[in-house]
Amino acid sequence: MPGSSQDTSFIPKNNTARRKRTTRSGNVYVLSVVSYIIFFSSLAAAAGVFFYGGYIQSQFEQEVLAMNNEVSSFNEADMQRVIDFDSRLRKAHERVQKSVSVASVFDALEAATVQSVRFESFSLERDSDKSFTIEARIETDTFDSTLFQRGIFDRNEVVEVVEVDDLVIDDVTTESGLVFKSVSFTANLAIPLTAVPYKPTGSTAGAAPFIPTEDIISNEGEVTEDESSEVSEETTDEDTSNESTL
Amino acid sequence: MIPKGLFSQILMIGAAVAIVMTYIQPALVGVQETQENTGLYQAERQKISAVNSLLTNQASRLDAIAASDKKRLATYMPDDVDEVDVPRTIQAIAVQSGVLFKNVVYESLLDSYLRNQTAQAGTYPIPHVFTVTVDGTYLQIKDMLRLLEQNDYPLEVHELTISVLDGGFLSATMRIVTYANSLPIPSQFVN
């Protein structure tokens, strides 16, 4: 018989020379591991983000609650009370800082007025918490006295601006028939408020009249006039020796 | 044809990308916003806390001020000027100084204040003007000016005109300004 019995048999036989498979099973395994890692990492990250988000949200809610508590603990009435007091105190302080002594203006003018001078009229005006402006009509006997008076005003430390105008010379007849020359002029002076501050002293503090406000109404319900005009007996004697210049 | 194993691997990677893109990334943005808001609220809460603390401190200081001092301040800067009490005080001062008290008239608010009323609202005290006329000697008028300065609320002489009368007496007209903490109701000062 030609050929081997193996070739002619109708029963298939296993080929003893098996074909070698050339699959790349190693590459597939790496990709599989990487894909698993990526997938489960994303799941874990999602879970982590979910819980972290919840934690952050609870922190935020606690912070909102704490802020609401702080807001509700704010006392509006106290704030209004403090603001009102502060405003009143500031306004009072502002006026105290600008309190001046008009009597000191007269003291300064007394010190700067020569004997031969006579004031005919006098007007004083306070200019916006900056200075006093004074306009005085002054009469004297000669031009020399006028010049002397102007020089004294100029040298005075309190008087800042001195202007002399409206100079008029006249004959004046006295009751006894004597005629003499009279020189009159208008002096415009300026005194800064800072030059005449009000200084309370021990001898003058409290010298203003005391006016009772609660005991005016007597028990019978009638207003007692004596009490309403009651004043303290304290007076300032320091000016009684000053010579009048008006 | 794509093998079944490879398909599932691609699917897992795709799902992971989808999870990151659709959940993790927006969730992280939300977390960041919440953190920023928490920081803002924390900063604001600290500011409010500081204000509350300061307010408590100031209120305590205010409560600690003696009642007599508060009363003196309220007298010096009253809520409103009493148009009867102030002339009464001026009259008492005039009597005290020895001048002949002639009259006192309440005028209105100070002109300069009325001109700048809008700018000065709430910042400056409200000036009220009284015009006073007295007769007397130089020393008596000067004494009156000194007593006005010593009053327990401001009586500032803003204008003073002195003229000579017969017999050596002088006539003095003063515009005296006193202050209130707040504006009177409109009907009181509209001319």
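These numbers come from a predicted model, not from an experiment.

1. A word on the overall build of chain B
Then comes step 1: From N to C terminus, chain B includes 6 helices and 4 strands.
Then comes step 2: Secondary structure elements in chain B, listed N-terminal to C-terminal, are α-α-α-β-α-α-β-α-β-β.
Then comes step 3: Evaluated residue by residue, chain B yields a buried proportion of 28% over its 191 residues.
Then comes step 4: Restricting to contacts in chain B with at least 6 residues of sequence separation, those with at least 24 account for 70%.

2. As for the domain arrangement of chain A
Then comes step 1: Assigned domains of chain A: these are domain 1 (29-67) and domain 2 (102-195).
Then comes step 2: With centres defined by C-alpha atoms, the gap from domain 1 of chain A to domain 2 of chain A works out at 93 Å.

3. Comments concerning the pairing of strand 2 (residues 126-136) of chain B
All names here are of chain B.
Then comes step 1: Counted residue by residue, strand 2 has 8 buried out of 11 residues, so it is predominantly covered.
Then comes step 2: Pairing of strand 1 (residues 100-109) with strand 2, which is carried by 7 bridges, proceeds in the antiparallel orientation. If you follow Phe101 over to strand 2, its bridge partner there is Val134.
Then comes step 3: Two elements, strand 2 and strand 4 (residues 170-180), share 11 bridges in a ladder whose sense is antiparallel. Of the residues in strand 4, the one forming a bridge with Val129 is Val177.

4. Quick notes on the pairing of strand 1 (residues 118-127) of chain A
Then comes step 1: Pairing of strand 1 of chain A with strand 2 (residues 131-140) of chain A involves 9 bridges; the strand directions are antiparallel. Within strand 2 of chain A, the position partnered with Asp127(A) by the bridge is Ser131(A).
Then comes step 2: Counted between consecutive antiparallel strands, the loop separating strand 1 of chain A from strand 2 of chain A contains 3 residues, among which Ser128(A) sits at a positive phi close to 45°.
Then comes step 3: Here strand 1 of chain A pairs with strand 3 (residues 156-164) of chain B via 5 bridges, running antiparallel. Bridging from a neighbouring strand, Glu125(A) pairs with Glu159(B) of strand 3 of chain B.

5. A short note on the nonpolar core
Then comes step 1: In terms of nonpolar packing, the biggest core is built from 45 residues, with Val105(A), Ile90(B), Ile141(B), Met144(B), Leu148(B) and Ile176(B) touching the most fellow members.
Then comes step 2: Considering each element in turn, this core owes the most residues, 6 residues, to helix 6 (residues 138-149) of chain B.
Then comes step 3: Once residues lying within four places of it in the same chain are set aside, the contact partners of Ile176(B) are Ile90(B), Phe130(B), Val132(B), Leu148(B), Leu155(B), Glu156(B) and Val157(B).

6. What about the interface of chain A and chain B?
Then comes step 1: Contacts between chain A and chain B engage 65 residues on the former and 65 residues on the latter.
Then comes step 2: Contributions of two or more residues to the side of chain A that touches chain B are made by helix 2 (25-73), helix 3 (76-97), helix 4 (102-111) and strand 1 of chain A.
Then comes step 3: Examining the composition of the side of chain A that touches chain B, we find that 25 residues originate from one element, helix 2 of chain A, more than from any other.
Then comes step 4: Here the side of chain A that touches chain B is composed, by residue class, of 35 nonpolar, 19 polar and 11 charged.

7. A few points about the packing of helix 3 (residues 85-97) of chain B against helix 6 of chain B
Residues and elements named next belong to chain B.
Then comes step 1: Interhelical geometry of helix 3 versus helix 6 gives an angle of 135° and a closest axis separation of 8 Å. Between helix 3 and helix 6, the crossing angle belongs to the class labelled oblique. Crossing of helix 3 against helix 6: the hand is right-handed. The segment helix 3 lies against helix 6, with Ile93, Ala94, Gln96 and Ser97 engaging Gln140, Asp143, Met144, Leu147 and Leu148.
Then comes step 2: Residue composition of the contact of helix 3 with helix 6, grouped by class: 5 nonpolar, 3 polar and 1 charged.

What counts as what
Residues numbered from 1 in each chain as written. Chains lettered and ligands numbered in written order. Predicted model: local features only at pLDDT ≥ 70, side-chain atom pairs only at ≥ 80, totals over all residues. Helix = DSSP H or I, 4+ residues; strand = E, 2+ residues; numbered from the N terminus. Buried ≥ 20, exposed ≤ 12 C-beta atoms within 10 Å, placed from the backbone. Contact = placed C-beta atoms within 7 Å. Domains from an automatic or database assignment. Pairing = 2+ DSSP bridges. Core = buried A, V, L, I, M, F, W, Y, C linked by C-beta atoms within 7 Å. Nonpolar A, V, L, I, M, F, W, Y, C, P; charged D, E, K, R; others polar. Axes fitted to C-alpha atoms, helices over the stretch in contact; angles between N-to-C directions. Parallel < 35°, antiparallel > 145°, perpendicular 65-115°, else oblique. Left-handed = near helix turned anticlockwise from the far one by under 90°.

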